[in-house]
Amino acid sequence: MTAREDHLVELVDDDGRAVGETTVATAHQPPGRLHRAFSVLLVDPDGRVLLQRRAAVKTRFPLRWANSCCGHPLPGQSLAEAANRRLAEELGVGPVELTETGVYLYYAEDPATGRVEFEYDHVLRADVPADLPTRPDPDEVAELRWVDPTTVSADLDADPRAYAPWLGGVVNRLLHPADPPRSGAPVGPSRAGSPAAEAPERSGGR
């Protein structure tokens, strides 16, 4: 976990244009610096999504339920490459074909750790088989479960603190794709993707 805090992330403006770089640790210190991120949702043939409960050692929002996998591309790295790397590291899955369904710009503070999430988050979908094998890393993932995304939306309203604050926006982009990329368009940091929407969440990072 500590080594990854030293990795570089790509700083961006509100339109997703690269404006610099800094470390993961620095980007998540208050008041936070807007940077590029991705959130992956693995979807089975019945439309269920794979959720992971974040491990207790996570520096941001430990033991909260979140999407299948998330992370940050290195400056100049494609989203597909970065996401497949993290899928392999966290879940033992991949490579998979990814489709961007939209962008979610949000800000959230973790009251337990004092870290901040301020992210231009590319939401990526991958359709996978029902019998997808997984080998979760216990330092990354405490639990896994498959669930209907509409159920997730209802649970978020009933018990929001059980979930990572970005999950609602990520699931919304899955259920309501915002101007999907044109056919053949690359999934990568050189393309800003769909218009971002700022999250109202202010109570709780990655």
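Residues numbered from 1 in each chain as written. Predicted model: local features only at pLDDT ≥ 70, side-chain atom pairs only at ≥ 80, totals over all residues. Heavy atoms only, no water.

A. Geometry of the confidence of the model for the protein. Across the protein, the average pLDDT comes to 86, with 85% of residues at 70 or higher. By mean pLDDT, helix α1 (residues 2–5) is the weakest element of the protein at 72, and strand β3 (residues 35–43) is the strongest at 98. Contacts of residues 180–206 to residues separated by more than four positions or lying in other chains number 83 contacts, the stretch itself having pLDDT below 50. (pLDDT = per-residue confidence, 0-100. Helix = DSSP H or I, 4+ residues; strand = E, 2+ residues; numbered from the N terminus. Contact = heavy atoms within 4.5 Å.)

B. Broad picture of the pattern of salt bridges. Evaluation of the coordinates by the stated rule reveals 14 salt bridges. Residue E5 is joined to R115 by a salt bridge in which the shortest nitrogen-to-oxygen separation is 3.4 Å. On the criterion of sequence distance, the pair formed by E5 in helix α1 and R115 in the loop between β7 (99–109) and β8 (116–127) is long-range, its members being 110 residues apart. Judged by relative accessible area, which is 21%, R115 ranks as partly exposed. K58 is the partner of E140 in a salt bridge, and the nearest nitrogen-oxygen pair spans 2.7 Å. (Salt bridge = Lys/Arg side-chain N within 4 Å of Asp/Glu carboxyl O. Buried < 20%, exposed > 50% of the residue type's maximum accessible area, 1.4 Å probe, protein only.)

C. The arrangement of unusual backbone geometry in detail. Omega for the bond connecting P30 with P31 falls within 30 degrees of zero, at 5°, which places this linkage in the cis form. Following G94, the chain continues to P95 via a peptide bond in cis, the omega torsion being -5°. As for its position among the elements, P95 is in the loop between α3 (79–91) and β7. Of note in the backbone geometry, F61 takes a positive phi value of approximately 55° without being a glycine. Here F61 lies in the loop between β4 (49–54) and β5 (65–66).

D. Summary view of the packing of aromatic side chains. In the structure shown here, the tally under the stated rule is four aromatic pairs. When the ring of F61 is compared with that of W166, the centres are 6.1 Å apart and the planes differ by 85°; the resulting orientation is edge-to-face. Taken together, the residues F61 in the loop between β4 and β5 and W166 in the loop between α4 (149–158) and α5 (167–175) connect sequence positions 105 residues apart. Each of the two residues, F61 as well as W166, counts as buried. A centroid spacing of 6.2 Å and a plane angle of 35° characterise the contact between Y106 and W166, whose relative ring orientation is tilted. Of this pair, Y106 sits in strand β7 while W166 sits in the loop between α4 and α5, and the two are 60 residues apart along the sequence. Residue class for W166 comes out buried when judged on its relative accessible area of 0%. An aromatic cluster is defined as three or more aromatic residues linked by ring pairs; in this entry it consists of F61, Y104, Y106 and W166. A cation over an aromatic ring shows up here: R145 above the ring of W65, its NZ or CZ 4.4 Å from the ring centre. (Phe/Tyr/Trp six-rings, centres within 6.5 Å; stacked < 30°, edge-to-face > 60°. Lys NZ or Arg CZ within 6 Å of the ring centre and 35° of its normal.)

E. Quick look at the pairing of β4. Burial of β4 is extensive: five of the six residues sit out of reach of the surface. Of the pairings in the sheet, the one linking β4 to strand β9 (residues 141–147) comprises six bridges and is antiparallel in character. Looking across to β9, one finds that L51 is bridged to R145. When β4 meets β5, the two strands line up antiparallel, connected through two bridges. Residue pairing across strands places R53 opposite W65, the latter belonging to β5. (Pairing = 2+ DSSP bridges.)

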